[in-house]
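# Structural characterization, general
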Amino acid sequence: MKKLVLLGALALSVLSLPTFADEKPLKIGIEAAYPPFASKAPDGSIVGFDYDIGNALCEEMKVKCTWVEQEFDGLIPALKVRKIDAILSSMSITEDRKKSVDFTNKYYNTPARLVMKAGTPVSDSLAELKGKNIGVQRGSIHERFAREVLAPLGAEIKPYGSQNEIYLDVAAGRLDGTVADATLLDDGFLKTDAGKGFAFVGPAFTDVKYFGDGVGIAVRKGDALKDKINTAITAIRENGKYKQIQDKYFAFDIYGK
């Protein structure tokens, strides 16, 4: 009888192994250098729209999530080697990136803009950028856009590891300007003391070839996690949680059309 009980207990423990395996934390990659989407609070914790949306999605999916900080250009490599399970770091959905990862549906969509000294004349042709030093974040869609569109017009493109480094050099006059997400530039630079005297110049950039179909969450190719996250995105938009988070950071509908 004792042997039967022992065998029964062993059988139950084996059956329960997949359950425990399923409960391992979901590792989400993020670069905490993009206020108001993701940045560091004085105590070292991560704060921002991306972070709050991620936690809301994890709560909706009823999974435990851990956040893994990584420089932006290292996020996709980290996903491929399974250091992380998903990327939630304001990553635009582009055809080029789709070759390496799968994306969920968008969770927001904003245009790119150029920031320079207030009053700098920049027409729709962008001809005035000839000879100007423009900072871009290395590995971003904005770097590709700048190299393929602005560089042929004569702009000098300077890649940086983070947008915060770019802000320092723009403010110090070592760069003439930067191109990045409009909301990021507005909250992370123009509304700060360092951004005084600077402004958006020229047109808004929305070319799908470069800026894709909005910002999504990247997962590994073929990962069923994509469908689970899509279901959670729909749920938090319907139950009001998305709007609650959005209104904490923005005075407009960041989801877009």
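Predicted, not measured: the structure shown is a model, and the values here were computed from it.

A word on the packing of helix α2 (residues 49-61) against helix α10 (residues 241-249). Angle between the axes and distance between the axes: these two values describe a pair of packed helices. Relative orientation of the contacting elements α2 and α10 amounts to 165 degrees, with a least axis distance of 10 Å. In this view, α2 runs roughly antiparallel relative to α10, as classed from their interaxial angle. When you trace α2 past α10, the crossing you get is right-handed. Side by side, α2 and α10 meet where F49, D52, I53 and A56 of the first sit next to K241, Y242, I245, Q246, K248 and Y249 of the second. When the residues that make up the contact of α2 with α10 are grouped by side-chain class, the tally is six nonpolar, one polar and three charged.

Backbone torsion omega between P35 and P36 reads 5 degrees, so that peptide bond is classified as cis. The residue P36 is located in the loop between β1 (26-30) and β2 (39-40) in this model. A positive phi angle, near 65 degrees, is found at R82, a position not held by glycine. Checked against the element boundaries, R82 lands in the loop between α3 (75-80) and β5 (86-92). For S90, which is not a glycine, the phi torsion comes out positive at approximately 50 degrees. Tracing the sequence through the fold places S90 in strand β5.

Here the focus is the state of the cysteines. By definition, a disulfide links the sulfur atoms of two cysteine residues through a covalent bond. By the definition in use, this model includes one disulfide. Between the sulfur atoms of C58 and its disulfide mate C65 the distance is 1.8 Å. Taking the torsion about the sulfur-sulfur bond, which here is approximately -95 degrees, the covalent link between C58 and C65 counts as left-handed.

Mapped onto the secondary structure, N109 falls in the loop between β6 (102-103) and β7 (112-117). N109 sits in the partly exposed class, given a relative accessible area of 32%. Separated by 97 residues in the primary sequence, N109 and T206 have C-alpha atoms spaced 9.9 Å apart. In this view, N109 contacts D213, G214, I254, Y255 and G256; residues no more than four positions away in its chain are not counted.

Before going further, it helps to examine the domain arrangement of the protein. When cut into domains, the protein gives domain 1 (26-109 + 214-248) and domain 2 (112-205). Contacts between the two partners involve twelve residues from domain 1, matched on the other side by 14 residues from domain 2. Taking both sides of the interface into account, the surface hidden between domain 1 and domain 2 amounts to around 1,100 Å²; carbon and sulfur atoms contribute 60%. Considering only the side of domain 1, the residues that lose the most area to domain 2 are Y34, P35 and D73, jointly responsible for 35% of the buried surface there. Where domain 1 packs against domain 2, one counts three residue pairs in polar contact (both at pLDDT 80 or more).

Those residues carrying the UniProt feature "domain: Solute-binding protein family 3/N-terminal" (unreviewed entry) are residues 25-253 in this numbering. Its end C-alpha atoms 31 Å apart, residues 25-253 is made of 34% helix and 25% strand.

Cut-offs applied
- Residues numbered from 1 in each chain as written.
- Predicted model: local features only at pLDDT ≥ 70, side-chain atom pairs only at ≥ 80, totals over all residues.
- Heavy atoms only, no water.
- Axes fitted to C-alpha atoms, helices over the stretch in contact; angles between N-to-C directions.
- Helix = DSSP H or I, 4+ residues; strand = E, 2+ residues; numbered from the N terminus.
- Parallel < 35°, antiparallel > 145°, perpendicular 65-115°, else oblique.
- Left-handed = near helix turned anticlockwise from the far one by under 90°.
- Contact = heavy atoms within 4.5 Å.
- Nonpolar A, V, L, I, M, F, W, Y, C, P; charged D, E, K, R; others polar.
- Disulfide = S-S within 2.5 Å.
- Buried < 20%, exposed > 50% of the residue type's maximum accessible area, 1.4 Å probe, protein only.
- Domains from an automatic or database assignment.
- Buried area = accessible area lost by both parts, 1.4 Å probe.
- Polar contact = N/O pair within 3.5 Å; in protein donor to acceptor, adjacent residues only side chain to side chain.
- UniProt positions renumbered as here; feature names shortened; annotations may be inferred.

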